[in-house]
Amino acid sequence: MKPVNYERDFRAGIGGGIFLNIIVAEHSGFCFGVKKAVSIASETKAGHGRIFTYGPIIHNNIVVKELEQKGINVLPNIDELNEGDTVIIRSHGVSKKIIDMLNEKKVNIVDATCPYVDHIHKKVEEYFNNGYQIIIIGDKDHPEVQGINGWCDNSAIIISNLECVKDLKTYNKVCIVSQTTVNTAKWREIVSSLIGISKELVILNTICAAADQRQKSAAEIAQKCDAMIVLGGLNSSNTKKLAEICRQFCPKTFYIERINQLDTNNLKNINTLGITAGASTPDWIIKEAFEKMSEMIETGEEKVQGETEVKENNKSEDKDIGEDKDIENEEKTDQGSIMSEYEKTFKRLSEGDIIKGKVIYVTDDEVTVDIGYKADGIIPKSELNIDEETSPKDILKSGDELDVYILKINDGEGNVLLSKRRVDAVKNMDYIGECFKGKVPVEGEIIQTVKGGVIAKVKGNSVFIPASQLDVKYVKDLSIFVGKTERLLIMTFEPAKNRIVASRRAIVEDELNKKRSAFLESIKPGDILKGRVDRLADFGAFIDLGCIDGLAHISELSWTRVKSPSDVVKVGDIVEVYVLSVDKEKERISLSLKRTLPQPWDIVKEKVHVGDVIEGKVVRIVPFGAFVEIQDGVDGLVHISQICDRRINRVEDVLKVNDIVKVKVMDINLESRKISLSIKEASEEENKGEQDEEAKTQNPEPAQIQTEKPEKDNLTIGEIVQNNANK
Ligand code: SF4
């Protein structure tokens, strides 16, 4: 529901109500309740039936006519309603009986009762049900008073003046309420005369602050003006009262509905003109009047003298309504002292206080709160600590109790401006302080990067995290954290300087320490683990095991000789490692890669036999022969006498490193891990094999069925292993 916009901006142009010699009352025009009612009515959409207002939506014929043009008419008679019609309850509210009758008619009820009036209904019903005699100070013929009376079975005593008090008898329990627009001075007078009417007396000041403010504001400017224009419906009780008040100070008061009803001849010889308007007068009517009067000044149409003096409207806002001058004056009399005692029952408020309140009414834009003060409090949506999409109705409802922060004693409409957001901020700040003291982690969403770190929001408060405190490792790009919610430890808490510093690194470190301890407890030598190669050094490779790095020494990377760790692994490789040892105190883990692989001599023992002819690579040449690698990590010696069938002086004359040669296994000594090989014997075997083949070709034997594929003569040890595995 959007509020109707009547463009109050024109006030900005007149400096808060002043333009040459025209003064517009600071508090005038639509009040909160009327604005809300008109807005609800304007936005009500018809269901299947017609739309009516129960009585005029507000006491202003112009607004009523505007609604009629939209098809929203004043209900002539309740009997004319059909099922499915819609009835909007006007801002003055109605009795319980009327609501029941409408429900019986099965119509849609749209309640536009002003929340303040609704509050009175609830109080009256509550006290009536608890055995109190209800007294209403107000006009018995006013629909608001009739509506209120309808919440105590129409049993209320209605008092409009002191005369009515004379014949009253005494009661056990009395509760006094008033029509919202009653004049405060009159209310005090009547309430004072009712003191002593019962043993138990509950006085509820239900005068609406908005009405009260308009009256004070009108009185204030009427004293400075030569003529006053009071704008509003002629049937509007609050506008009538404004006109009465203005006349007390300024006899030339004109009570009209619109400016065109004013006979400008009456403004001759007027130096200062005041304009005010009732709570049911739309702002555009005030604007229209102001502009028309301004034009007259500029054109000199009615010889209204254009003073150069700027008349200052009293804009100072009451810092504490409970301390206003009226009360001080009243205290000079006996009656005044009674009132003074009564006034003291109201809270004394100061801006910045945090007090308890009870929700009276919630709209999509604001929350009205009973704070036990003369005026109710208003929390605008912007002060609720909710996002744009959330409605105040989603988080609060009538009757909810909450703490509120006082932003302003008077928001300009006579209400106390409140904030829940500030309370939350204060509470949240306390919470952060407690977490700081107790070293308890908090949660915060990182919202942006700044110079030297990032900013996180912790319960609505900005917290700085230096770059060095983001992680245990150096973070090059801080923006990767933006949008993430992280656990943080508060390191510095200086709310007075608006300085809160936190560390994510401390949390990460703590978690790592815990994980590390648990991990170190869980592993033992001989375990096989998976890890990621984190970095390489000359002496080995560091393997990241998740929460701790282990070291695989260069000698443990491979069964063969390794010149550099990079010959075996590279950073980022995922590898299996064998745990050699665990030092829990120093948090050191020694690892081996090679021990996860088969031991070459085990393969030799199982797969290589004396007499096998296999392929190998010359890896070293020595004066007495050559070492030939027949398997990763296994070299055998070919003695110089076994290199060829002739005598040689130097091995290098026949072989060089990296030559691939065929060798015959002559001897295997597993204990001393020595293998004797012979190239000469392998060569002879080969020649013999070739001769046999040749002989077979010349003298073929009878054909045989071959069941297995013949193996080739000279196999590498890898091929031997593979073949055996396949068998
Ligand atoms: S004057 Fe006060 S009680 Fe009456 S409608 Fe306006 S806000 Fe509500």
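Residues numbered from 1 in each chain as written. Predicted model: local features only at pLDDT ≥ 70, side-chain atom pairs only at ≥ 80, totals over all residues. Heavy atoms only, no water.

## Here we look at the overall build of the chain
(1) Moving on: Secondary structure assignment for the chain yields 17 helices and 33 strands.
(2) Moving on: Considering only contacts within the chain whose residues lie at least 6 apart along the sequence, 67% involve residues at least 24 apart.
(3) Moving on: With the model as given, the accessible surface of the chain reaches about 37,700 Å², and the carbon-plus-sulfur share is 47%. (Helix = DSSP H or I, 4+ residues; strand = E, 2+ residues; numbered from the N terminus. Contact = heavy atoms within 4.5 Å. Areas by Shrake-Rupley, 256 points an atom, 1.4 Å probe, with all protein chains shown as cover.)

## Some points on the side chain of D424
(1) Moving on: Mapped onto the fold, D424 is located in helix 13 (residues 421-438).
(2) Moving on: By relative accessible area, which is 15% here, D424 ends up buried. (Buried < 20%, exposed > 50% of the residue type's maximum accessible area, 1.4 Å probe, protein only.)

## Examining the nonpolar core
(1) Moving on: Core analysis: the largest hydrophobic core is formed by 24 residues, its most contacted members being I57, I58 and I88.
(2) Moving on: Counting residues per element, the ones that place at least two in this core are helix 1 (32-43), helix 2 (61-69), helix 4 (115-129) and helix 7 (209-222).
(3) Moving on: A total of 6 residues in this core trace back to one element, the largest contributor, which is helix 1.
(4) Moving on: Among residues more than four places away in sequence, those in contact with I88 are A41, T44, I51, F52, T53, Y54, I57, I72, V110 and A112. (Core = buried A, V, L, I, M, F, W, Y, C linked by side-chain atoms within 4.5 Å.)

## Side note on the site of the ligand
(1) Moving on: Around the ligand, the structure places C31, G33, C114, Y116, T180 and C208.
(2) Moving on: The site holding the ligand turns out to be the largest cavity.
(3) Moving on: Considering only residue class, the shell around the ligand consists of 4 nonpolar, 2 polar and no charged. (Near = heavy atom within 4 Å. 1 Å grid on protein atoms, 1.4 Å probe; cavity = no way out; pocket = protein on both sides within 12 Å on 5 of 7 lines; lining within 4 Å. Sits in = over half its atoms within 2 Å of the grid points. Nonpolar A, V, L, I, M, F, W, Y, C, P; charged D, E, K, R; others polar.)

## What to know about the pairing of strand 24 (residues 528-537)
(1) Moving on: The pairing of strand 24 with strand 27 (residues 574-583) spans 5 bridges and is classified as antiparallel. Residue pairing for strand 27: K530 is matched across the bridge by E576.
(2) Moving on: As defined by bridge partners, strand 24 adjoins strand 25 (residues 540-544) across 5 bridges and the pair is classed as antiparallel. In the strand pairing of strand 25, V533 is matched with I543. (Pairing = 2+ DSSP bridges.)

## Regarding the pattern of salt bridges
(1) Moving on: Tallying each qualifying case throughout the model produces 34 salt bridges.
(2) Moving on: For R487, the salt bridge identified is with E511, shortest N-O distance 2.9 Å. One end of the pair, R487, is in strand 22 (residues 485-494); the other, E511, is in helix 14 (residues 505-522), with 24 residues separating them in the sequence.
(3) Moving on: Here R516 makes a salt bridge to E587, at a shortest N to O gap of 3.8 Å. Note that R516 is positioned in helix 14 and E587 in the loop between strand 27 and strand 28 (588-592), a separation of 71 residues in sequence. (Salt bridge = Lys/Arg side-chain N within 4 Å of Asp/Glu carboxyl O.)

## Overview of the packing of helix 7 against helix 8 (residues 237-249)
(1) Moving on: The geometry of helix 7 relative to helix 8 is characterised by a closest axis approach of 8 Å and an angle of 25° between their N-to-C directions. Accordingly, the angle class assigned to the pair helix 7 and helix 8 is roughly parallel. Between helix 7 and helix 8 lies a crossing of right-handed hand. Touching R214, Q215, A218, A219 and A222 of helix 7 are K241, L242, I245, C246 and F249, all from helix 8.
(2) Moving on: The residue makeup of the contact of helix 7 with helix 8, split by class, is 7 nonpolar, 1 polar and 2 charged. (Axes fitted to C-alpha atoms, helices over the stretch in contact; angles between N-to-C directions. Parallel < 35°, antiparallel > 145°, perpendicular 65-115°, else oblique. Left-handed = near helix turned anticlockwise from the far one by under 90°.)

## Here's the deal with empty space enclosed by the protein
(1) Moving on: Taken as a whole and judged by the stated rule, the model has 3 cavities of 30 Å³ or more.
(2) Moving on: Volume-wise, the largest cavity comes out at about 290 Å³.
(3) Moving on: Secondary-structure elements contributing two or more residues to the lining of the largest cavity are helix 1, helix 4, helix 7 and helix 8.
(4) Moving on: Tallied by class, the residues present in the lining of the largest cavity amount to 10 nonpolar, 11 polar and 1 charged. (Points joined across faces, edges and corners; volume = space filled by probe spheres on them.)

## Comments concerning the sheet that holds strand 28
Each strand in a sheet pairs with another by means of backbone hydrogen bonds, the pair being arranged parallel or else antiparallel.
(1) Moving on: Taken together, the 5 strands give a closed barrel; going around it, the order is 24-25-26-28-27, and neighbouring strands pair in mixed fashion. Each strand of the sheet is rotated relative to its neighbour by a mean of 50°, with strand direction disregarded.

## Examining the sheet that holds strand 31 (residues 634-639)
(1) Moving on: Here 5 strands make up a closed barrel; going around it, the order is 29-30-31-33-32 and the pairing mixed. Geometrically, the sheet is characterised by an average inter-axis angle of 50° between neighbouring strands, direction not taken into account.
(2) Moving on: Where strand 30 (residues 625-631) lies against strand 31, 6 bridges are found, and the strand directions are antiparallel. Bridging from a neighbouring strand, A626 pairs with V638 of strand 31.

## Description of unusual backbone geometry
(1) Moving on: For K439, which is not glycine, the phi dihedral falls at a positive 55°.
(2) Moving on: Residue position: K439 is located in the loop between helix 13 and strand 19 (442-450).
(3) Moving on: Its identity is not glycine, yet N658 carries a phi of approximately 85°, on the positive side.
(4) Moving on: With respect to the element layout, N658 can be found in the loop between strand 31 and strand 32 (660-669).

## Side note on the packing of aromatic side chains
(1) Moving on: On inspection of all chains with the given rule, the structure shows 4 aromatic pairs.
(2) Moving on: Measuring from centroid to centroid gives 4.9 Å for Y127 and Y132, while their planes differ by 85°, and the two rings are edge-to-face.
(3) Moving on: Classification of Y127 by relative accessible area gives buried; the value is 16%.
(4) Moving on: When the ring of F436 is compared with that of F493, the centres are 6.0 Å apart and the planes differ by 35°; the resulting orientation is tilted. Here the residue F436 occupies a position in helix 13, and F493 occupies one in strand 22, the gap between them amounting to 57 residues. (Phe/Tyr/Trp six-rings, centres within 6.5 Å; stacked < 30°, edge-to-face > 60°.)

## So, helix 1
Since the α-helix advances by 3.6 residues per turn, residues separated by three or four positions end up pointing in the same direction.
(1) Moving on: Between the first and last C-alpha of helix 1 there are 17 Å, a value that for 12 residues agrees with the 16 Å anticipated at 1.5 Å per step.
(2) Moving on: Summarising burial for helix 1: 9 of the 12 residues are buried, a large majority.
(3) Moving on: Here helix 1 has its buried residues at F32, G33, V34, K36, A37, V38, S39, I40 and A41. (Expected span 1.5 Å × (residues − 1).)

## Digging into the environment of I229
(1) Moving on: Among the structural elements, I229 can be located in strand 11 (residues 227-231).
(2) Moving on: Each C-alpha atom, one on I229 and one on I259, is 8.5 Å from the other, the two residues being 30 residues apart in sequence.

## Considering the pairing of strand 32
(1) Moving on: Two strands pair when backbone bridges link them, and strand 29 (residues 613-622) and strand 32 are joined in this way by 5 bridges, in the antiparallel orientation. Paired with K617 across the bridge in strand 32 is I660.
(2) Moving on: Hairpin connection, strand 32 to strand 33 (residues 674-678): the antiparallel pair is bridged by 4 residues, and R673 has positive phi, about 55°.

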